[in-house]
Structures are given as structure tokens and as C-alpha cells.
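Understanding the architecture of this molecule
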Amino acid sequence: MNFDLTDDQRAIRDLCREFARDEVAPQAEHNDATESFPYDLVAKMAELGLMGLPFPEKYGGAGADTVSYALAVMEISRADASTGITLAAHVSLGASPLYLFGTEAQKEQFLVPLAQGKKLWGFGLTEPNAGSDAGGTQTRAELRDGRWVINGTKAFITNSGTDITGGTTITAVTGVDAKGRNEISNFIVPQDTPGFTRSKKYKKMGWKASDTRELSFADAAVPEDHLLGERGKGLKQFLTILDGGRISVAALSVGLAMGAYDEALKYSKERHQFGKPISKFQAIQFKLADMLMEIEHAKLMVLKAAWEKDQGRAYEMTASLAKLYSGEVSRRVVNEAVQVHGGYGFMDEYPVSRMYRDQKINEIGEGTNEVQRLVIARMLGL
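Attention in this report is confined to the structure presented alongside it. Values in this document were obtained by computation on a predicted structure and should not be read as measured data. (Residues numbered from 1 in each chain as written. Predicted model: local features only at pLDDT ≥ 70, side-chain atom pairs only at ≥ 80, totals over all residues. Heavy atoms only, no water.)

**Examining the overall build of the protein chain**
A count of helices and strands for the protein chain gives ten helices and ten strands. Taken against the 2.2 N^0.38 rule, which gives 21 Å for 382 residues, the C-alpha radius of gyration of the protein chain at 21 Å falls within 12% of a compact globule. Expressed as a percentage of the 382 residues in the protein chain, the buried residues total 55%. For the protein chain, contacts bridging at least 24 residues in sequence account for 73% of all contacts bridging at least 6. For the protein chain, the computed accessible surface area is about 17000 Å², with 52% contributed by carbon and sulfur atoms. (Helix = DSSP H or I, 4+ residues; strand = E, 2+ residues; numbered from the N terminus. Rg over C-alpha atoms; globule rule 2.2 N^0.38 Å. Buried < 20%, exposed > 50% of the residue type's maximum accessible area, 1.4 Å probe, protein only. Contact = heavy atoms within 4.5 Å. Areas by Shrake-Rupley, 256 points an atom, 1.4 Å probe, with all protein chains shown as cover.)

Shown next, in the form of C-alpha cells:
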């Protein structure tokens, strides 16, 4: 059993760590306070090859493995979760469906500019009345005269309304199957499609510098060849995407926890009480030791899931375990980081205040903690 990273994996980790420290972290507080989308950081991530990191070079990607991608998300999120989710959602939710299920023509037209970082892309599964019940999709698509006409609404869609968003891939009901159940299919909907509109950005607790919107479709018509994958297989395809997406969000959670630990450790050495740094007090030392222990455990779970995916093994269970555990670890670690800061942790001038707000969504997105436990129980045959 070898826990060493390869030279390529270390190089990507170190590149992202340096970029996060020098470019992402200095902007994080301003972007959060002003809710400014980090266009310049996205452009720089594109220059570094991060926006298409796990995709083959023939499609404009860097050809890296999933472990490298998970390490990249960790390091970016260590500095700012908003930038981390922009990268993670773009790769795992925006571009991956096109790579996994698209035709060669679709990949050439839509995937290549995404892998090159020239465009962003959304992933439209969630609806106002279909969250954890993803199969409860109400958006519908009807084939008329060689075009799919779409009507419905999607909610909480990341990267869906920026100036560089190219479009969104969505699920829609296209009929009923032999058992009378909704037949769900996937569709590629370019941003300039008539009848496709985006709301204003949500006012959010956290991830304030990321782009999240509600999408509406009113007789939005796309060509018949914009069906992604096989008709009626949309839900199965998107659930496959969510398995990989859980590795991304788990990596984000670990990165956020790492960042909070960094801040707590630094502050504990700077803050003096009773004539010495608070890091000299056992109460603080034990907090920091426990934080590091949980981070390392969660990190190993994430990297194991990523490795299993790279090996072509079944990784769904490990990904769910990693997503669930790392989300809860991020909550505990960030909470303790605020506690180490005391009253100053409650002030927005300290990064742990932003991190405290950012972490909560890690227990909701990509399947809530409750859904993760259901998924794990089902895989156990319960």
C-alpha cells in the first residue's frame, strides 16, 4: 500500500497551493464582501490548465487523474470556498456530463471550450420542488418538428449566469416508460437559447463570490441533436455525475477545513493571554490536535475515492462516505477555529468568519447528509 503522491500529483498540488496563496487568498475577503465573481481568477486557472484538469488533451484538457483534481480543489478551497466551488462545479458538474455522455460532435462544440476555460457551464438537476427527490423532476421537453421544446424551472444552479457561461445541461421529462414512470432525459441548452432566462443571483449565507441562480424555460427550443446521451437515461446519467461530484465536494470540504485549521494555528501563536501565546495552553493544543486528526482522516477518504475512480473500480460507496464525513469534519473544524479566535472569530475581518458561513452548504449540496446516509445504507443492502 503506497500513500506517496506521484511527481505529477505533487507538482499539481504545489502549483495550486502557490496559486491559492498568492492569487486567491488576497481577494477572498473583498470578493465575499462585495459578492464579486472572480473572473480574473477563473482566467488564471484556465491558463494553469485547471479548468480542464481531468479531461484528455484531445478535448482541450490537461489529462490529469482524479487524485490530482481532488488535490487541486482542496488547495484552491483552502484559500476560498467560492473559488473552489467555481472550479469544482465547472469540472465535475458542468463539463463531465459532456465528456461522459456526449457525442464526438457535442464534445468538439461544447466540451473543448470548457476544458480550455474559455466558457463555464451549469448543471441543472435541482428544481424548486425536486431537491433530494431528484426523480421528481417537473421540467418537461417535447419533441416538435425536429426541436426539443423545454418548459420548467431549475433552482440553485452554480456557474449558470456569469458573463462567460456557455449554457447548462438539464434534466427534463420526455414521456413515460412501460411502467408508467417519468422518462427523464438530458439536454444541452446554450445560453443564448430563446426562452431560456436566468434570475438575479441568490442572496446566500456563504459562497458569496460564486454564481448561483434560478433558471427558467418557457418554450425554450433546442435542436434535436442537443439531446445528451440516450433518451430516457437522463436520471441514471446524472446520478453517475453526482457520484463523481461527491469527490469534488468532499475535496472542497477538506480544503475549507485545512484553511480554517491554518488560520486557527496561526492565530493561536499570535494571540497572547496571561503572558504567553494561547497555543501554549492545553485547551487550545487539544483543539488543534483534534482538528488535524479529523482533517487527515477526511483527506485520506477523499483521496481513496479519487484513486478508486482512477483505477476503474467501484467508488460510489467511498465517495459517499468521503462526502458525508468531510462535510461534517468541515463543520466541526471551522467551528473550533472560530472558538480558538474567541470574539475576533465573530468579526468579518478574520477569514474564519467567512469560512464558518461557507461550510454549511457542504452538508447540503451534492446530496444532503441525510441522503448520503440513505445512499450508504442502500449500498449496504439495508
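**Details of the pattern of salt bridges**
Throughout the structure, instances matching the rule amount to 24 salt bridges. With a closest N to O distance of 3.8 Å, Glu 104 and Lys 107 form a salt bridge. Of this pair, Glu 104 and Lys 107 both sit in helix H5 (residues 104–115), three residues apart, roughly one helical turn. For Glu 104, a relative accessible area of 47% translates into the label partly exposed. Given the relative accessible area of 10%, Lys 107 is considered buried. Salt bridges sharing partners connect three or more residues here, namely Arg 17, Glu 75, Arg 78 and Asp 262. (Salt bridge = Lys/Arg side-chain N within 4 Å of Asp/Glu carboxyl O.)

**As for helix H8 (residues 316–341)**
For H8, with 26 residues, the first-to-last C-alpha span of 37 Å sits near the 38 Å given by 1.5 Å per residue. In the segment just after H8, Gly 342 is the residue with positive phi, at about 65°. (Expected span 1.5 Å × (residues − 1).)

**Observations concerning the layout of surface pockets**
In this approach the atoms are scanned with a rolling probe the size of a water molecule, which exposes any empty space left behind. Roughly 1300 Å³ of internal volume is contained in the largest pocket. Lining the largest pocket are 47 residues, and of these Thr 126, Ile 364, Gly 365, Glu 366 and Gly 367 lie nearest its centre. Looking at the lining of the largest pocket, the elements that each hand over two or more residues are helix H4 (81–101), strand E1 (120–124), strand E3 (147–158), helix H6 (234–270) and helix H10 (369–379). At eight residues, H6 tops the list of elements feeding residues into the lining of the largest pocket. Its residues assigned to classes, the lining of the largest pocket shows 23 nonpolar, 15 polar and nine charged. (1 Å grid on protein atoms, 1.4 Å probe; cavity = no way out; pocket = protein on both sides within 12 Å on 5 of 7 lines; lining within 4 Å. Points joined across faces, edges and corners; volume = space filled by probe spheres on them. Nonpolar A, V, L, I, M, F, W, Y, C, P; charged D, E, K, R; others polar.)

**Notes on unusual backbone geometry**
A positive phi angle, near 55°, is found at Glu 35, a position not held by glycine. Relative to the assigned elements, Glu 35 resides in the loop between helix H1 (7–34) and helix H2 (39–47).

**Looking at the environment of Tyr 202**
Mapped onto the elements of the fold, Tyr 202 is located in the loop between strand E6 (196–198) and strand E7 (212–223). Residues Tyr 202 and Arg 213, eleven residues apart in the sequence, show an inter-C-alpha distance of 5.9 Å. Dropping the residues within four chain positions of it, Tyr 202 is found in contact with Ala 155, Phe 156, Thr 212, Arg 213 and Glu 214.

**Focus on a nonpolar patch on the surface**
Together, Met 1, Phe 3 and Leu 300 give the surface a local cluster of nonpolar side chains, amounting to about 440 Å² of exposed area. Residue placement: Met 1 occurs in the segment before H1. Met 1 sits in the exposed class, given a relative accessible area of 92%. (Patch = residues over 30% accessible without salt bridge, like charges linked within 9 Å, V, L, I, M, F, W, Y side chains within 5 Å.)

**A look at the packing of aromatic side chains**
If you walk through the whole model with that rule in mind, you get eleven aromatic pairs. Both rings, one in Phe 196 and one in Phe 217, keep their centres 4.8 Å apart while their planes meet at 10°; by these two values the pair is stacked. In this pair, Phe 196 is assigned in strand E6 and Phe 217 in strand E7, connecting sequence segments 21 residues apart. Judged by relative accessible area, Phe 196 falls into the buried class, the value being 4%. (Phe/Tyr/Trp six-rings, centres within 6.5 Å; stacked < 30°, edge-to-face > 60°.)

**Some remarks on the nonpolar core**
Formed by 86 residues in total, the largest nonpolar core has its most connected members in Met 74, Leu 87, Leu 98, Ile 247 and Val 302. When residues in this core are grouped by element, the largest group, 15 residues, is from H6. Once you skip the residues sitting within four places of it in the chain, Ile 247 turns out to touch Thr 66, Ala 70, Val 302, Ala 305, Ala 306, Lys 309, Tyr 315 and Ala 319. Ranked by size, the runner-up nonpolar core spans 14 residues in total, among them Ile 157, Val 189, Phe 217 and Val 222. (Core = buried A, V, L, I, M, F, W, Y, C linked by side-chain atoms within 4.5 Å.)

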